Each structure stands twice: as C-alpha cells, then as structure tokens.
Amino acid sequence: MFESLPAVFLITKDYEASCRFYTETLELKEASRTKDHVRYDLGGTSLVIHAPISDEEMRKWNLEPLREPRGSGVVVTLTPEDVDRAHDTLVEKGAEVIFPPRDAPWGVRMFMLKDPNGFLIEVSKPLSGGSG
C-alpha cells in the first residue's frame, strides 16, 4: 500500500531554538527554509521542523490543537558515522543527553537525547554483524 516515508514533521513550540538545535547542535544541513519551517534531507526522508501552528489553523484541517507536552511518544532516529564521537560532540555543545552510548540487545550502539521541545532523538548505528 505505501512505498516510502518521505517526511516527518515536528511542530515546535520554540521555532528559533529548534532551528538552532537541528542546524547548529546536530549539524544537519538545511535543504530549504521559510519563515515557518526548515527542511533537512536525510537519506531519502525529509525532517521538517515547523513553527507553532495556531489552534484556528489546526481546526481548519480538522486537527485537534496541539497541547503540552510536545514530543510525547515521538522518537526520531539518526545514524552517525561514529556513535561515540557524535555523543562526545553533542555533550560538548550542551545537548541534553538522556543516557550515554551503549550496545543494545537488538544489535545497535546507541544513545538518546532531547531536543528543545522534548522530542527524543535516538542516535544509533548497527553493530558489526547486528540486525539493527
């Protein structure tokens, strides 16, 4: 039925802080930017960081207005060249790391952090011979 996952949208509460976090802290390359969203292309999927959307605009699309806490139940996974080096760089930049790198039983080396909105970010890479 579905062929791809072209984009993931994260609607922020603090757009400017989010843009700084994804562009400067995570060092993602911006593919495009407007006054209300930034799009990052990551291996065939776009991660879109969107400015807050008014309750009125949400209702126009038959969507419920967003309530706190943002990020509840959402995990975005990013794959670096080197998990430990990414961790060290992000710690130096002041990122809110939830737990340091560890090997998970399902075959990945990973750590997690939070973005300024509370969205969780898993940074992981398959271990040699792992299924990841």
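Given the structure is predicted, the values throughout are model-derived calculations rather than measurements.

A. Region of interest: the packing of aromatic side chains. The tally for this structure, following the rule as stated, stands at two aromatic pairs. Ring centres of Tyr22 and Tyr40 lie 6.2 Å apart, and the angle between their planes is 35°; on these two criteria the pair is classed as tilted. Placement of Tyr22 in helix H1 (residues 15–25) and of Tyr40 in strand E3 (residues 37–42) is noted, with a sequence separation of 18 residues between them. Accessibility expressed as a relative area gives 1% for Tyr22, which makes it buried. What makes Tyr40 buried here is its relative accessible area of 0%. Put simply, the rings of Phe21, Tyr22 and Tyr40 pair up and form one aromatic cluster. The positively charged end of Arg102 is found above the aromatic ring belonging to Phe99, 3.9 Å away from the centroid.

Criteria and cut-off values
- Residues numbered from 1 in each chain as written.
- Predicted model: local features only at pLDDT ≥ 70, side-chain atom pairs only at ≥ 80, totals over all residues.
- Heavy atoms only, no water.
- Phe/Tyr/Trp six-rings, centres within 6.5 Å; stacked < 30°, edge-to-face > 60°.
- Helix = DSSP H or I, 4+ residues; strand = E, 2+ residues; numbered from the N terminus.
- Buried < 20%, exposed > 50% of the residue type's maximum accessible area, 1.4 Å probe, protein only.
- Lys NZ or Arg CZ within 6 Å of the ring centre and 35° of its normal.

This is a description of form; function is not addressed.
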